[in-house]
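# Residue-level structural notes
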Amino acid sequence: MDSDDTVVELICDGIHVHPAVVRNTFKVFGGSRICLMSDSMEATGMPNGKYSLGGQEVFVTDRHATLKDGTLAGSASTLWDCFKQVLKMGVPVEEAVTAAAVTPAKEAGIFERSGSISEGKAAELIVTDDKFEILEVIG
């Protein structure tokens, strides 16, 4: 936390990390030092059921992926699901957008062409309603 160069990768699917920890991490680091992560696997976007991860059977119920013994095996949440979860946890929308788009693009070294709305950058936009339900994807 003491180093300004530290960037946190935070899984915000509502399963991996408790909402209080998510809120406090945003308070300490801010969206400019957090990369929102999903920890999603091949079952993402698929119905509840049995899937495979690294040769192991994984059971997915409501985006929650576990091994047969109940051990957490990952998530079936999209990054958009995680974005909406942090909003439900009380993170301000500006911070959530920064952590979902700007910071990851900077950390991946592609911010000059992606990650924000600027002239000359790729037109990768998500149009939503006031509840952040996706209406259209442009890109």
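Not measured: the values here are computed from a predicted model. Going along each chain's sequence as written, the residues are numbered from 1 onward. In keeping with the predicted nature of the model, local features appear solely for residues at pLDDT of at least 70, side-chain atom pairs appear and are counted solely at 80 or more, and the whole-chain, interface and lining totals rest on all residues. For side-chain calculations, the full set of non-hydrogen atoms in the structure is used, while hydrogens and water are omitted.

## Quick notes on the pairing of strand 1 (residues 8-11)
For every residue, the accessible area obtained with a 1.4 Å probe (protein chains only) is divided by the maximum for its type, and the residue is called buried under 20%, exposed over 50%, and partly exposed between those limits. Note on conventions: DSSP H or I runs of at least 4 residues are helices, E runs of at least 2 residues are strands, and numbering of each starts at the N terminus. By the alternation rule, side chains of strand 1 split into Val 8 and Leu 10, which are all buried, and Glu 9 and Ile 11, of which none is buried. Strands are labelled as partners when DSSP assigns at least two bridges between them. Taken together, the four bridges between strand 1 and strand 2 (residues 34-37) define a ladder with parallel strand orientation. If you follow Glu 9 over to strand 2, its bridge partner there is Cys 35. Consider the strands pointing away from the viewer: the crossover is right-handed when the path from the first strand over the helix to the second runs clockwise. With helix 1 (residues 19-29) bridging strand 1 and the parallel strand 2, this β-α-β connection has right-handed handedness.

## Here's the deal with unusual backbone geometry
Of note in the backbone geometry, Asp 39 takes a positive phi value of approximately 55 degrees without being a glycine. With a phi angle near 65 degrees, Phe 132 is a residue other than glycine that sits in the positive phi range. Overall, Phe 132 belongs to the partly exposed group, its relative accessible area being 25%.

## Quick notes on the packing of aromatic side chains
Aromatic ring pairs are described here by two measures, namely the spacing of the ring centres and the angle between the planes. Classification of ring pairs uses Phe, Tyr and Trp, with its six-membered ring standing for Trp, and accepts pairs whose centres are within 6.5 Å; under 30 degrees between planes counts as stacked, over 60 as edge-to-face, and the remaining range as tilted. Taken as a whole, this structure holds two aromatic pairs when the rule is applied. Look at Phe 83 and Phe 132: their rings are 5.7 Å apart centre to centre, the planes differ by 75 degrees, and that puts the pair in the edge-to-face class. Here Phe 83, found in helix 2 (residues 79-88), pairs with Phe 132, found in the loop between strand 7 (125-128) and strand 8 (134-138); they are 49 residues apart in sequence, far enough to count as distant. For Phe 83, a relative accessible area of 4% gives the class buried. Cluster of aromatic residues (ring-pair linked, three or more members): Trp 80, Phe 83 and Phe 132. The criterion is that NZ of a Lys, or CZ of an Arg, lies within 6 Å of the ring centre and within 35 degrees of the ring normal, and then a charge sits over that ring. Directly above the aromatic system of Phe 111 lies the positively charged group of Lys 106, at a separation of 5.0 Å from the ring centroid.

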